[in-house]
Amino acid sequence: KERKVIDDARDQPLDKRVRFSLRLLESDSTYKDIVVRKKDGFTQILLSTRSTYNNTLNREVMNEVKSALEIAAVDDSKFVLLSVVGSVFCCGLDFDIIVKHLKYNRKRASVKLEDTIKNFVNFFIVFMKPVIVSVKGPAIGLGASILPLCDVVWANEKAWFQTPYTRFGQSPDGCSTITFPKIMGRAAANEMLINGWKMNAQEACDKGLVSQVFWSETFTQEVMVRIQITSCNSFVLENSKALVCYNMNVELKQANERECEVLKKIWASAQGMEYMLKYVQNKIDAF
């Protein structure tokens, strides 16, 4: 599958363009499913999955994102910008791969999957530097529930958000059982988590899931302009985030633990496996 990566350094002098190209080559050789760009003052992580469809999350993708965050946590990056290559942000967990693994050994596979998701979500909870997210297109399932664990979420007008867990035969993840009710109220959270309400960008902004919404045509420029404003002292940024998150981290970790434990029970059960197989088959038939 061809990937289109916009070289936003093409107007720079030759020596800077060469260094930019070398960083992209280094990123491509290091990661399979993401692109990492080290820029002045921050790290940009772009989902660009080759092993999955529509930026869904399997163990490899989640481990690569976690690895990139681990490096950004200790280098000179002041913050992280999480975005995508293309017009789809993230369609959540890759249920095709999950079902494939569960078919062979439900108990062992469910434990491994639980561990991967729990570590992935926990890393967003404990990450000390600010995480800014730019959302284009759909953010579904874990792709939507992870957003409140980040610090600023910007979306273009074509973005939309949905957590249709019951349709997947799954229970909520990404600490959404805690964050969604706190952000948007219990009634709206239940519409999202239980009824699978599809929320457009402006509705998500009105409910507090998104910070600001921008026109699609100028979205990239708007993001980059605002990123420059946030490029202040790294010590101040980290301590400001620590103050905001101080009272929430323990509660979020506990929610993540509970949610992953329930997911593991569903994956290990015959009923849960049957429902997931039905969902995957219906998706294939519809396609």
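Look above for the structure.
Residues numbered from 1 in each chain as written. Predicted model: local features only at pLDDT ≥ 70, side-chain atom pairs only at ≥ 80, totals over all residues. Heavy atoms only, no water.

Engineer: Outline the pattern of salt bridges, supporting the account with residue identities and numerical values.
Structural biologist: A full pass over the atoms with the stated rule returns 10 salt bridges. Across the pair Lys118 and Glu114 runs a salt bridge, and its minimum N-O distance is 3.8 Å. Taken together, the positions of Lys118 and Glu114, both in helix 4 (residues 106-126) and 4 residues apart, correspond to about one turn of that helix. A relative accessible area of 14% places Lys118 in the buried class. Overall, the relative accessible area of 6% leaves Glu114 in the buried class. Between Lys264 and Glu114 there is a salt bridge, and its shortest N-O distance comes to 3.6 Å. Placement of the pair is Lys264 in helix 12 (residues 249-268) and Glu114 in helix 4, with a sequence separation of 150 residues. Overall, the relative accessible area of 21% leaves Lys264 in the partly exposed class. One continuous salt-bridge network, built from bridges that share partners, spans Glu114, Lys118, Glu257, Glu261 and Lys264. (Salt bridge = Lys/Arg side-chain N within 4 Å of Asp/Glu carboxyl O. Helix = DSSP H or I, 4+ residues; strand = E, 2+ residues; numbered from the N terminus. Buried < 20%, exposed > 50% of the residue type's maximum accessible area, 1.4 Å probe, protein only.)

Engineer: Hey, could you go over the pairing of strand 2 (residues 42-47) for me, with residue numbers and the actual values?
Structural biologist: It is a general feature of regular strands that their side chains alternate between the two faces of the sheet. In terms of burial, strand 2 is a largely internal element, 6 of the 6 residues being buried. Pairing geometry for strand 1 (residues 34-39) and strand 2, over 6 bridges, is antiparallel. Following the sheet pairing, Lys38 is matched in strand 2 by Thr43. Here strand 2 pairs with strand 3 (residues 79-84) via 6 bridges, running parallel. (Pairing = 2+ DSSP bridges.)

Engineer: Talk me through the sheet that holds strand 5 (residues 138-140); I want residue IDs and the actual numbers.
Structural biologist: Sheet strands line up and pair through hydrogen bonds in the backbone, either parallel or antiparallel. Taken together, the 3 strands give an open sheet; going across it, the order is 5-7-8, and neighbouring strands pair in mixed fashion. Strands at the two margins of the open sheet, each flanked by one partner only, are strand 5 and strand 8 (199-200). Taken together, the 2 bridges between strand 7 (residues 160-162) and strand 8 define a ladder with antiparallel strand orientation. Residue pairing in the sheet places Phe161 in a bridge with Met199 of strand 8.

Engineer: A description of helix 12 should follow, citing residues and the corresponding values.
Structural biologist: Its 20 residues place the ends of helix 12 28 Å apart at the C-alpha level, agreeing with the 28 Å of an ideal helix rising 1.5 Å per residue. Within helix 12, the full set of buried residues consists of Leu252, Ala255, Asn256, Glu259, Cys260, Leu263, Ile266 and Trp267. The buried residues of helix 12 occupy an angular sector of 130° when the element is viewed end-on, so they sit on one face. The outward face of helix 12, more than 90 degrees from its buried face, is lined by the exposed residues Val250 and Lys265. (Expected span 1.5 Å × (residues − 1). Arc of directions from axis to C-beta.)

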